[in-house]
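Coordinate analysis (summary)
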Amino acid sequence: MPTPTSHAKLLQWVEEIVTLCRPDAVQWCDGSQDEYDQMIQLAVAAGLATPLDAATRPNSYLFRSDPSDVARVENRTYIASRNPEDAGPTNNWIDPETLKATMRGLYAGCMAGRTLFVIPFSMGPVGSPIAKIGVEITDSPYVVVNMHIMTRVGGKVLEVLGTDGEFVPCLHSVGKPLAPGQADNGVWPCAPLDSKYISHFPEERMIWAYGSGYGGNALLGKKCLALRIASAQARDEGWLAEHMLILKLTNPLGAVRFVAAAFPSACGKTNLAMLVPTIAGWKVETVGDDIAWMKFGKDGQLYAINPEAGFFGVAPGTSSKSNPNAMSAIARNTIFTNVALTSANDIWWEGIGYEPPAGEVIDWKGKSWERKEVAAHANARFTAPAHQCPAIAAEWQDPAGVPISAILFGGRRPGTVPLVHQALSWQHGVFLGSIVGSEVTAAALDVQAGTVRRDPFAMLPFCGYNMGDYFAHWLRIGETAGAQLPQIFFVNWFRKAADGRWLWPGYGENSRVLRWIFEQCEGTGKFVLTPLGIMPTDDALDAPASVSAADMAELLKVDREGWLAEIADVRSRHYPKFGDKLPPALLQELDALQARLSA
Ligand code: GTP
Ligand code: SPV
Ligand code: MN
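Below is a short write-up of the structure. A quick note: this is a predicted structure, and the numbers were derived from the prediction, not measured.

**Describing the site of ligand 1**
- The immediate surroundings of ligand 1 are formed by 21 residues, with Ala-266, Lys-269, Asn-271, Arg-381 and Tyr-507 found nearest.
- In the environment of ligand 1, an oxygen atom lies 3.4 Å from a nitrogen or oxygen atom belonging to the side chain of His-243.
- Between ligand 1 and Asn-510, the relevant distance is 3.0 Å, taken from an oxygen atom to a side-chain nitrogen or oxygen of the residue.
- Summarising the interface, the protein chains cover 93% of the accessible area of ligand 1, which totals 660 Å² for the free molecule.
- For the shell around ligand 1, a count of residues per class yields 9 nonpolar, 8 polar and 4 charged.

**As for empty space enclosed by the protein**
- Using the criterion set out here, one finds 2 cavities of 30 Å³ or more in the structure.
- Space inside the largest cavity adds up to approximately 110 Å³.
- Around the largest cavity, the lining is made up of 14 residues, and of these Pro-264, Val-440, Thr-441, Arg-453 and Asp-455 lie nearest the centre.
- Residue composition of the lining of the largest cavity, by class: 6 nonpolar, 3 polar and 5 charged.
- Taken as a whole, the second largest cavity holds about 30 Å³ of empty space.
- Forming the boundary of the second largest cavity are Arg-72, Val-73, Glu-74, Thr-77, Ile-198, Gly-216, Asn-217 and Arg-228.

**Examining the environment of Gln-301**
- You can see Gln-301 is positioned in the loop between strand E15 (292-296) and strand E16 (302-305).
- The class for Gln-301 is partly exposed, based on a relative accessible area of 25%.
- With 185 residues separating them in the primary sequence, Gln-301 and Pro-486 have C-alpha atoms 7.8 Å apart.
- The contact partners of Gln-301, leaving out residues within four places of it in the chain, are Lys-295, Phe-296, Pro-403 and Gln-484.

**Observations concerning the site of ligand 2**
- Around ligand 2, the neighbouring residues are Arg-72, Gly-215, Gly-216, Lys-222, Lys-223, His-243, Ser-265, Asp-290, Phe-312, Arg-381, Ala-443 and Phe-462.
- Within the contact set of ligand 2, an oxygen atom lies 2.9 Å away from a side-chain nitrogen or oxygen of Arg-72.
- Within the backbone of Gly-216, one N or O atom sits 2.9 Å away from an oxygen atom of ligand 2.
- Notes on ligand 2: free accessible area 290 Å², of which the protein chains cover 99%.
- Elements with a minimum of two residues in the shell around ligand 2: helix H7 (215-218) and helix H8 (221-237).

**Re the pattern of salt bridges**
- Tallied over the full model, the rule gives 31 salt bridges.
- Taken together, the shared-partner salt bridges connect Lys-222, Lys-223, Lys-269, Asp-290 and Glu-308 into one network.

**Here's the deal with the coordination of the manganese ion (ligand 3)**
- For the manganese ion (ligand 3), the full set of protein donor atoms is Lys-223 (NZ), His-243 (NE2) and Asp-290 (OD), at a range of 2.2 Å.
- Coordination at the manganese ion (ligand 3) is octahedral, judged from the 6 donor atoms that bind it and the angles of 74 to 174 degrees they form at the metal.
- Summarised as a motif, the one-chain spacing of the donors to the manganese ion (ligand 3) is K-x19-H-x46-D. A residue pair is termed long-range when its members are at least 10 positions apart, and His-243 in the loop between strand E11 (240-242) and strand E12 (245-250) and Asp-290 in the loop between strand E14 (283-288) and E15 qualify at 47 residues.

What counts and what doesn't
- Residues numbered from 1 in each chain as written.
- Chains lettered and ligands numbered in written order.
- Predicted model: local features only at pLDDT ≥ 70, side-chain atom pairs only at ≥ 80, totals over all residues.
- Heavy atoms only, no water.
- Near = heavy atom within 4 Å.
- Polar contact = N/O pair within 3.5 Å; in protein donor to acceptor, adjacent residues only side chain to side chain.
- Areas by Shrake-Rupley, 256 points an atom, 1.4 Å probe, with all protein chains shown as cover.
- Nonpolar A, V, L, I, M, F, W, Y, C, P; charged D, E, K, R; others polar.
- 1 Å grid on protein atoms, 1.4 Å probe; cavity = no way out; pocket = protein on both sides within 12 Å on 5 of 7 lines; lining within 4 Å.
- Points joined across faces, edges and corners; volume = space filled by probe spheres on them.
- Helix = DSSP H or I, 4+ residues; strand = E, 2+ residues; numbered from the N terminus.
- Buried < 20%, exposed > 50% of the residue type's maximum accessible area, 1.4 Å probe, protein only.
- Contact = heavy atoms within 4.5 Å.
- Salt bridge = Lys/Arg side-chain N within 4 Å of Asp/Glu carboxyl O.
- Donors = N, O, S within 2.8 Å, 3.2 Å for Na, K, Ca; no water.
- Tetrahedral: all angles 85-135°; square planar, octahedral: opposite > 155°, others 65-115°.

Here you go:
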């Protein structure tokens with residue numbers, strides 16, 4: 001195959017990797033349907049993909065990963081800056097040259113028996129001034145098809161790149177060379193945990209991943225480029241690369257506000273972005289469900305783009321009731337990973353909204369399901385094109401982005417944190433982002449699910465540099481001359497009663513909170529000042545019928561004891577991690593909150 005580019009640096013890099021990894025063949029990807037079909041055929045022939053019933057799930061496929069390769073691996077994710085302080089206390093650091101030497105050893109000959117695919121991709125609309133180009137080299141057809149959906153792949157990207165354009169080199173191998181005559185034979189290829197590496201070289205703007213074929217470890221445009229590398233670029237260039245959904249909110253009069261929200265992994269971004277309001281006349285449309293890049297426009301407002309082209313969403317819990325828009329988005333042309341398979345060749349998972357069908361069900365491990373353990377892995381995912389979402393906003397690919405009126409932070413907190421409160425200032429809002437805590441979910445393999453951990457700005461696993469410097473960057477953004485800053489809110493859909501039931505129904509009912517946020521942006525909301533900040537009055541949210549007055553009071557209570565314990569934890573265990581990188585303004589906010597609660 002002739003090479004479709006004369007970009008000298010790109011050609012040289014590909015040649016260097018071919019020499020190192022020694023694949024049997026090299027294929028440049030063009031993003032076409034033919035190429036997609038060819039990759040799927042390869043995966044089906046290797047026993048790695050199952051075609052779903054063509055009538056119920058047209059052009060859709062199920063993949064089952066190795067049981068050891070079902071989520072991100074935070075302990076094997078590295079930020080390799082020259083100075084360890086630039087990676088900071090929340091990242092794993094290895095000296096870049098040492099790490100490269102180790103990984104070159106692993107990469108040597110690692111693509112034997114496989115084809116090396118070169119995937120030129122754009123994060124953001126091709127040619128947009130905010131978009132960034134990456135080129136992923138991979139030996140995984142699964143990665144190629146997922147990148148087709150999640151990014152913009154192909155010839156147009158190479159055109160924009162020209163002969164000397166900038167790109168982020170993203171090297172990926174599953175780390176499982178094949179001996180002559182050997183095939184995958186239905187076994188998902190990956191390497192053992194202690195030779196997996198998800199490595200970032202922020203100073204060189206380069207990514208090297210080895211040993212995992214899964215999601216955020218392998219689709220390198222997503223967490224690796226659009227968050228870890230982009231966050232370092234954003235720091236240098238005065239913008240924000242964030243783990244945030246973007247939604248368009250329209251009120252009954254047709255007025256529009258755009259909202260961005262940062263919640264940790266598997267804490268409700270996809271669901272909020274696609275929400276169907278339960279309140280009459282209001283409309284939510286989706287711009288993005290996982291990542292936002294935000295830059296100041298000439299008018300001083302922050303404009304956000306969604307750098308992705310698809311959704312890599314959590315399957316369990318997704319139903320026609322909880323998220324009908326997602327269910328429509330995955331009706332065709334979708335890749336399912338680690339869900340269950342019915343005897344009618346359809347998918348099934350816990351919380352899909354109907355009982356598992358009779359007949360044999362194959363669980364996510366590929367075994368006949370005995371109906372004891374879960375049928376789908378808790379972090380099972382769907383990959384679907386964004387344009388298939390019925391609620392996709394008309395502006396979702398606008399290269400100029402959408403102006404953000406409000407930024408939300410949140411997490412899974414069974415206690416303490418109220419349903420919603422609003423920051424008193426940008427600095428107070430940055431403080432709230434810096435103390436986000438959440439019960440850990442199944443989205444990462446090696447952190448204990450169920451325990452609460454601090455996940456500042458929902459960026460703990462995704463900040464490509466020192467988190468203390470990141471806090472300072474957020475504070476600096478607030479000092480930008482002429483800035484028309486968004487209002488900042490803290491939400492918590494996950495409050496539980498003593499008996500373990502949800503205090504708040506969540507999902508579509510979250511529209512009541514969005515309405516109050518919209519009104520606060522317009523200056524028409526009903527609010528009270530509390531020690532925590534600005535909160536809705538008792539009647540401002542118009543509680544849903546299913547929520548008792550007592551539960552509503554609990555949801556909007558200022559839990560003085562809980563917050564004092566929270567403050568003590570931040571003061572003794574969270575903030576000290578950052579040493580002298582902790583901006584004094586955040587400590588001032590902590591002191592001020594404590595003083596307000598104690599007054
Ligand atoms: P990542 O893709 O990992 O970044 O996750 P995400 O933040 O997009 O999370 P997602 O919307 O996929 O939600 C994860 C889980 O939380 C799903 O099982 C949802 O059903 C559940 N969930 C989402 N919103 C709500 C809510 O308002 N209330 C409750 N109780 N659960 C919710
Ligand atoms: C997350 O874990 O926040 C995800 C899924 O969005 S993954 O792309 O696998 O990181
Ligand atoms: Mn995410």
